[in-house]
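Commentary on secondary and tertiary structure
Listed below are the residues making up each chain.
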Amino acid sequence: MTSLTGRAWMLWSAGALVPLAGYFVLPAAFGWDVQTFLYCLISGSTAGALAVGIRRHRPRPASVWWLFAAGQVMYTGGDLMYYFASQDDASYPPLANVLYLAQYVLVAAALVRLTRRRTPQRNTAALVDTAILAVGAGVLWWVFLILPTVSAPGVDTLDRVAATAYPVMDLCVLTVAVRLMLNGGARQPAYQLLLAFLGLTLLGDTTYGLLTLSGSFADGGWADGIWLLSYVALGAAGLHPSMRHIADPAEPRSGSTPYRLLLLGSATAMAPAVLVVQTLRGEGQSDLVVVGASAVLFLLVLVRMAGLIAAQRRLAITDALTGLHTRRFLTEQLRLESERAARHGESFALLLIDVDHFKCVNDTYGHPAGDQVLVEVARRLRSACRGGDVVARFGGEEFAVLAGATGPDDLAGLAERIRTGMSREPVLVDGRTPVTVTISIGGTAAVPPHGVTADTLVTVADAALYTAKRAGRDRVVITDPAERPEPAVAASTPDDVAWLDQQIGAWAAVLGDAARRRPDAVPVPAGAVAGVCAAWAFMRADGDDGLNLPADRARAELRRCRGVQFPAHLVDEFLTLQAAGVIGAAGPGPLALTGDRWLPAAHG
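It should be emphasised that the depicted structure is a prediction, and the values quoted were computed from it without experimental measurement.

On to the pairing of strand β6 (residues 439-446). The element β6 is largely enclosed, with a buried count of eight among its eight residues. Burial along β6 is two-sided: the residues Ile-439, Ile-441, Gly-443 and Ala-445 and Ser-440, Gly-442, Thr-444 and Ala-446 are all buried. Relative to β6, strand β1 (residues 348-355) is paired through eight bridges, and the arrangement is antiparallel. Bridge pairing in β6 places Leu-350 opposite Thr-444. Pairing of β6 with strand β7 (residues 476-479), which is carried by four bridges, proceeds in the parallel orientation. Bridge pairing links Thr-444 to Thr-479 in β7.

Below, the structure is given as structure tokens:
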């Protein structure tokens, strides 16, 4: 049964092609009644196919497909009304026109509903592009379809209104269809079949208009085949299983593909090209309309270019991961704020913020978890700062806050609010693992008459940040820029760092083996084992990346991370081995005790 449901759209298409072929073969032998019956059979059964598809596949929202089905019912009713009127040799029935036009309204409503479901967020670029294409198509419709019909002699007012209404409705449907296509999203088979229905319908209507103007249109001609194929495509779209997902939300497209640019360029050149053709043909009735359309297209192109420039600027000044401003933007704003503060005699301040032990987070939980931490840190920074503050990602796990009209006292309060707000709640990584995040903050404020350059402010704030890290992290240090401290120099050499990494690896091997032998052992990533060892080493070691903490303080810090940053049984096992002198001990162990500090032992 499931297989039959999945192939229903193919069976429908094959079955509908039989009366479609009969439409062109049988009338010669059986007359106009049979031809009308076959045409209405295909048109009406399309509405039935849509109803069956809705019942079987249950799309959300079903209203989109019910609108398409209602449109088919209206169109079939218009055909029947036209057929019965022609039997009495009556004039074209107005009610048939009402029913035909109702189909366009229902189809346009369905497309609007579908577009809003697929891309609920605002997409200004797609709106402007749609307007450009609609204006370009509108020029063609006006010059070659609408104007020749309404200006032809011997056409009464009602026929002029009808001749204008159909192209206008076609243009409305085209505009909504273009909007749907430009918004992007998954292109399911049902989506492709729906676009085929819309394209064939517009092609059939345009062909009908051109043939009518030339006096060569006849009922039952080849142009009817285009409409009939459009009905087959619509019925197949409604029966295809993918129709249930056609309204799923999707990310909007960037709008910078070569195909899209070529399409927009062609639409923009449409009005001038038509004006040239009209001039060569010696026809000037549409000159004002075409010139007006050219002006509108020019303005739309300007709007589109302004949007592209704004989008490029947003990309240039926005960090892709956190959504904060970039360092380049901060540097420019810092220069502007320095000049403004000097002119008006105001204070301004800078905070540099570093996420404590961020390397341990990456080593323990992986880089995706580290990215999650950075995103959450950025969010908490934005919520803690004031509306006029410039919050930026300074690089890696460092952030910066530029605060205008802020003195040292206000800056200290702002920094402390940021620090306490950051560690108030753990950050969930992988949606389930809580990680406590603390930050170190260094800041400085330029008080008038300051004469402090932007570069000096960054240097002073960076030195204050280093002081906060050396003092134990998770603290705020505010420095007077007049002091201008020299940048701190790392105590350890590259050889010391490489040696320390080797020792951490050796500790991790011992700890991992011991942890696996514990009765309460559970599988843990190798990064978690190394993370515990690295945390101990950096808390005890001296140097740029070391905290220089006493052993008791380091053990207390590890216990604080137990079950939060590191698995509990790993911390317990490490502290047991450390107390026994197996790892992290003096003598032949990885680190040698010197006074109250752990320093890299002699090596090499």
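Having seen it, we continue.
Relative to the assigned elements, Leu-106 resides in helix α6 (residues 94-118). In the structure, Leu-106 is positioned 36 residues away from Ala-70 in sequence and 7.1 Å away in space, judged by C-alpha atoms.

The final tally for this structure, using the stated rule, is 11 aromatic pairs. Residues Tyr-23 and Phe-24 carry aromatic rings whose centres are separated by 5.0 Å and whose planes lie at 90° to one another, so their mutual orientation is edge-to-face. The exposure class assigned to Tyr-23 is buried, which follows from its relative accessible area of 2%. Ring geometry for Tyr-39 versus Tyr-231: centroids 6.1 Å apart, planes at 90°, classification edge-to-face. Highlighted residues: Tyr-39 in helix α4 (residues 32-57) and Tyr-231 in helix α10 (residues 223-239), separated in sequence by 192 residues.

Let us now look at helix α14 (residues 327-344). Here α14 is 18 residues long and its end C-alpha atoms lie 25 Å apart, about the 26 Å a rise of 1.5 Å per residue gives. Of all the residues in α14, the buried ones are Phe-329, Leu-330, Leu-334, Glu-337, Ser-338 and Ala-341. For α14, the angular spread of the buried residues around the axis is 165°, confining them to a single face. Turned more than 90 degrees off the buried face of α14, the exposed positions are Arg-328, Ala-342 and Arg-343.

So, on to unusual backbone geometry. A cis amide bond links Arg-60 with the next residue in sequence, Pro-61, at an omega value of 0°. For Pro-61, the location among the structural elements is in the loop between α4 and α5 (63-87). Positive phi, normally seen in glycine, also occurs at Ala-405, with a value near 50°. If you trace the backbone, Ala-405 turns up in the loop between β3 (398-404) and α17 (408-423).

Another point: the pattern of salt bridges. Tallied over the full model, the rule gives 17 salt bridges. Across the pair Arg-393 and Asp-319 runs a salt bridge whose closest N-O atoms are separated by 3.4 Å. With Arg-393 in strand β2 (residues 390-395) and Asp-319 in the loop between α13 (287-317) and α14, this residue pair connects regions lying 74 residues apart in the sequence. A salt bridge links Asp-474 to Arg-419; the nearest nitrogen and oxygen atoms lie 3.0 Å apart.

Looking at the protein chain, the pLDDT average stands at 81 and 87% of residues meet or exceed 70. Across residues 485-495, confidence stays below pLDDT 50; counting only partners more than four residues off in sequence or on other chains, it has 13 contacts. With pLDDT under 50 throughout, residues 586-604 is counted as low confidence; its partners more than four residues away or in other chains account for 39 contacts.

With respect to the secondary-structure elements, Thr-444 resides in strand β6. On the basis of relative accessible area, Thr-444 is assigned to the buried category, the value being 0%. A polar contact is formed between the side chain of Thr-444 and the backbone oxygen of Thr-479, at a distance of 2.7 Å.

Read from one edge to the other, the open sheet built from five strands follows the order β2-β3-β1-β6-β7, with strand pairing classed as mixed. Two strands lie at the open edges of the sheet, namely β2 and β7, each paired on one side alone. Averaged over all pairs of adjacent strands, the angle between their axes in this sheet comes to 20°, without regard to strand direction. Together, β1, β2, β3, β6 and β7 form the strand contacts of helix α18 (residues 454-470), whose direction differs from that of β6 by roughly 145°.

Before going further, it helps to spend a moment on a nonpolar patch on the surface. A cluster of nonpolar side chains, Phe-144, Leu-210, Leu-213 and Val-277, forms an exposed patch at the surface whose accessible area comes to about 290 Å². Assignment of secondary structure puts Phe-144 in helix α7 (residues 124-150). Judged by its relative accessible area of 30%, Phe-144 is partly exposed.

Let's shift gears to helix α9 (residues 189-214). Compared with an ideal rise of 1.5 Å per residue, which puts 26 residues at 38 Å, α9 spans 37 Å between its outermost C-alpha atoms and is within 8% of the ideal. Gly-215 lies just past α9 and shows a positive phi near 75°.

Parameters and conventions
- Residues numbered from 1 in each chain as written.
- Predicted model: local features only at pLDDT ≥ 70, side-chain atom pairs only at ≥ 80, totals over all residues.
- Heavy atoms only, no water.
- Buried < 20%, exposed > 50% of the residue type's maximum accessible area, 1.4 Å probe, protein only.
- Helix = DSSP H or I, 4+ residues; strand = E, 2+ residues; numbered from the N terminus.
- Pairing = 2+ DSSP bridges.
- Phe/Tyr/Trp six-rings, centres within 6.5 Å; stacked < 30°, edge-to-face > 60°.
- Expected span 1.5 Å × (residues − 1).
- Arc of directions from axis to C-beta.
- Salt bridge = Lys/Arg side-chain N within 4 Å of Asp/Glu carboxyl O.
- pLDDT = per-residue confidence, 0-100.
- Contact = heavy atoms within 4.5 Å.
- Polar contact = N/O pair within 3.5 Å; in protein donor to acceptor, adjacent residues only side chain to side chain.
- Axes fitted to C-alpha atoms, helices over the stretch in contact; angles between N-to-C directions.
- Patch = residues over 30% accessible without salt bridge, like charges linked within 9 Å, V, L, I, M, F, W, Y side chains within 5 Å.
- Areas by Shrake-Rupley, 256 points an atom, 1.4 Å probe, with all protein chains shown as cover.

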